[in-house]
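Remarks on the overall topology
As a plain string of letters, each chain reads:
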Amino acid sequence: MTTDSIDVSTPLAPAAPAAPHSASGEAIAVHDLDTVAPPPRPARRWIPKRVVATPAAYDHAHGHRIMALVEAQGIEVERLRGNRLTGLRGDTDRETYARAKSTMAIVVSPPARRTLQPIAPSADWRFDLAEGCPAHCQYCYLAGSLSGPPVTRVYADLDDILAGLAGYAGRGTITSRREHRRDEGTTFEASCYTDPLALDHLTGSWRRAVDHFGAWDAPVQLRWTTKFDDVGPFLGLAHRGRTRVRLSVNCRPVTTRVEGGTSRVEDRIIALRRLALAGYPIGLTIAPIIAVPDWRTHYGELLNDVAGALHDVPNLDLTAELITHRFTPGSKEILLGWYPRTRLEMDEESRSRKHGKFGAIKYVYPPATMAELRTWFHDEIAARLPACRILYWT
Ligand code: SF4
């Protein structure tokens, strides 16, 4: 595929999720993120420079809703003649990346996406309302998934996608099989390849999904995670406890050095509190866990900040998902193309090599580092956030 023209209706190739970066304990090499040139660009609501729509998107009511939302924000929607989008190629890879990252395409989801897949260890099923994200995290796990310039695609056929979920209720193969997660019902993950709150002001898709699950009188749960704090439009929704929103958080050396265009972590924690007070089950996605120098202090501060924000929330339903940094040869290559000046450690020599589900190689922390991190997080979460249930460590 060239970058002169891309098929915006084509899904991103599935790949093993890669998380962010490097480790240390006393015995392990330390990578100091403080030496990284910081890109501290706090989140504002994303305004894409270019919005295009495929002809098929016009056949769907939600496509028109998205177009109305976009146009209400003063952005013109360009109608494509087919599924191909041109004009993305810049003089350099970096320029092509920047053009793609500031483009949103309103498309119809590929038919293959209607057959849901399990998404271990997060949920019984995954479904997609969009692919791509306008933020700039230097560890972004999408780098292992994207094929071609990272245009954000949002799906116009939302109503059909939501209607198609009914056939999967009661058929869970991941969380439903785990004794300690059965109370969640059949779980549906809706943030595998995007960040919902980076886009919902332009699509309304996740608000409609929350409403859909709120009205779905069955043991089911919608799940999504975000690095944005734009939760206001969700607080009044009739969610009926059937959506768990997780905030993706990290220690400050990570959030201030290698994340760009996301909300500040302190604002994410406030958003978590607001959601909890609105009765949502909530969660922490701590990812990617990186053993920066003095990581115990930095992650301890993060846990303390969360504990302080949630200490007086009545009937708190809080979970944690703990994901250590890893990378694949493919994601490393893409990330270095996108962020050539990154100091994010992706050194194969200091990692353990593992084979993923389909034989793909990934590089994770060595067993000693993993054990040290894992023990610390389990102990400290139990001590500082006793109400918190850890769902998994990976
Ligand atoms: Fe990637 Fe998530 Fe950052 Fe978006 S917010 S760039 S999806 S890591």
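Just so you know, the residues in each chain are numbered from 1, in the order the chain's sequence is written. Local features in a predicted model are, by the rule used here, given only for residues with pLDDT of at least 70; side-chain atom pairs are given and counted only at 80 or more, and totals for whole chains, interfaces and linings are based on all residues. Note: side-chain values were computed over all heavy atoms of the structure, leaving out hydrogens and water.

Time to look at the nonpolar core. Joining through side-chain atoms within 4.5 Å is the link that ties buried Ala, Val, Leu, Ile, Met, Phe, Trp, Tyr and Cys residues into a set, and such a set is a nonpolar core. Only protein chains enter the area calculation, which uses a 1.4 Å probe; residues under 20% of their type maximum are buried, those over 50% are exposed, and those in between are partly exposed. Ile106, Phe127, Phe188, Ile286, Tyr299 and Phe377 are the most contacted members of the largest nonpolar core, which has 106 residues in total. Note that the domain bounds reflect an automated or database-derived domain assignment. In this structure, this core is formed jointly by two domains, domain 1 (48–223) and domain 2 (227–325 + 365–394), each of which donates at least three residues. Note on contacts: a residue pair qualifies if any of its non-hydrogen atoms lie within 4.5 Å across the two residues. Residues within four places of phenylalanine 127 in sequence aside, it is in contact with Leu116, Ile161, Leu162, Leu165, Phe188, Glu189, Ala190, Phe213 and Leu222. Tyr97, Ala143, Trp338 and Tyr363 belong to the second-largest nonpolar core, a separate cluster that totals eight residues.

Close contacts around the ligand come from Cys133, Ala135, His136, Cys137, Tyr139, Cys140, Tyr141, Leu142, Asp195 and Lys227, and that covers them all. Its residues assigned to classes, the shell around the ligand shows seven nonpolar, one polar and two charged. Residue proximity to a molecule or strand is established when one non-hydrogen atom of the residue lies within 4 Å of it. For this scheme, ten residues count as nonpolar: Ala, Val, Leu, Ile, Met, Phe, Trp, Tyr, Cys and Pro. Four count as charged, namely Asp, Glu, Lys and Arg, and the remainder, Gly too, count as polar.

Per-residue confidence from the predictor is given as pLDDT, running between 0 and 100. When the pLDDT values of the chain are averaged, the result is 89; 90% of them are 70 or greater. Long-range and interchain partners of residues 11–31, a stretch whose pLDDT sits below 50, account for 82 contacts in this model, where long-range means more than four residues apart. Segment residues 34–40 is flagged for pLDDT under 50; beyond a separation of four residues in sequence, or across chains, it makes 16 contacts in the model.

A pair of strands is labelled paired if DSSP reports no fewer than 2 bridges between them. Here a helix means four or more residues in a row that DSSP labels H or I, a strand means two or more in a row labelled E, and each is numbered from the N terminus. With mixed pairing, five strands are arranged side by side in an open sheet as S3-S2-S5-S9-S8. Each edge of the sheet is formed by a strand with only one pairing partner; in this case those strands are strand S3 (77–79) and strand S8 (130–131). Inspection of the sheet shows strand S2 (residues 50–53) paired to strand S5 (residues 103–107) by four bridges, in the parallel sense. When the sheet's bridge partners are listed, valine 52 is paired in S5 with alanine 105.

Let us now look at unusual backbone geometry. Phi is mostly negative for residues that are not glycine, and the peptide bonds are mostly trans. A cis amide bond links alanine 120 to the next residue, proline 121, at an omega of -5 degrees. With respect to the element layout, proline 121 can be found in the loop between strand S6 (117–119) and strand S7 (123–126). Even without a glycine there, the phi angle at arginine 240 is positive, about 50 degrees. Here arginine 240 is to be found in the loop between strand S11 (220–226) and strand S12 (243–249). Within the chain, asparagine 315 stands out as a residue other than glycine whose phi angle is a positive 50 degrees.

We now examine the environment of alanine 215. Residue position: alanine 215 is located in helix H5 (residues 205–215). On the basis of relative accessible area, alanine 215 is assigned to the exposed category, the value being 62%.

Taking strand neighbours across the sheet as the criterion, the eight strands line up as S6-S7-S10-S11-S12-S13-S14-S17 in an open arrangement whose pairing is mixed. Each edge of the open sheet carries a strand with a single partner, namely S6 and strand S17 (389–393). On average, adjacent strands in this sheet sit at an angle of 30 degrees to one another, irrespective of strand direction. The pairing of strand S10 (residues 186–189) with S11 spans four bridges and is classified as parallel. Along S11, the bridge assignment pairs threonine 186 with valine 220. In the packing of helix H7 (residues 265–277) onto the sheet, the strands contacted are S12 and strand S13 (282–289), and the crossing angle to S12 comes to about 165 degrees. Lines fitted to C-alpha atoms define the axes, with helix axes restricted to the stretch in contact, and inter-axis angles between N-to-C directions lie between 0 and 180 degrees.

Turning our attention to the pairing of strand S9 (residues 152–155). The side-chain alternation of S9 yields two buried faces, one formed by Thr152 and Val154 and the other by Arg153 and Tyr155. Where S5 lies against S9, four bridges are found, and the strand directions are parallel. Residue pairing for S9: methionine 104 is matched across the bridge by threonine 152. Relative to S9, S8 is paired through two bridges, and the arrangement is antiparallel. Each residue of the ladder has a partner; that of alanine 130, found in S9, is valine 154.

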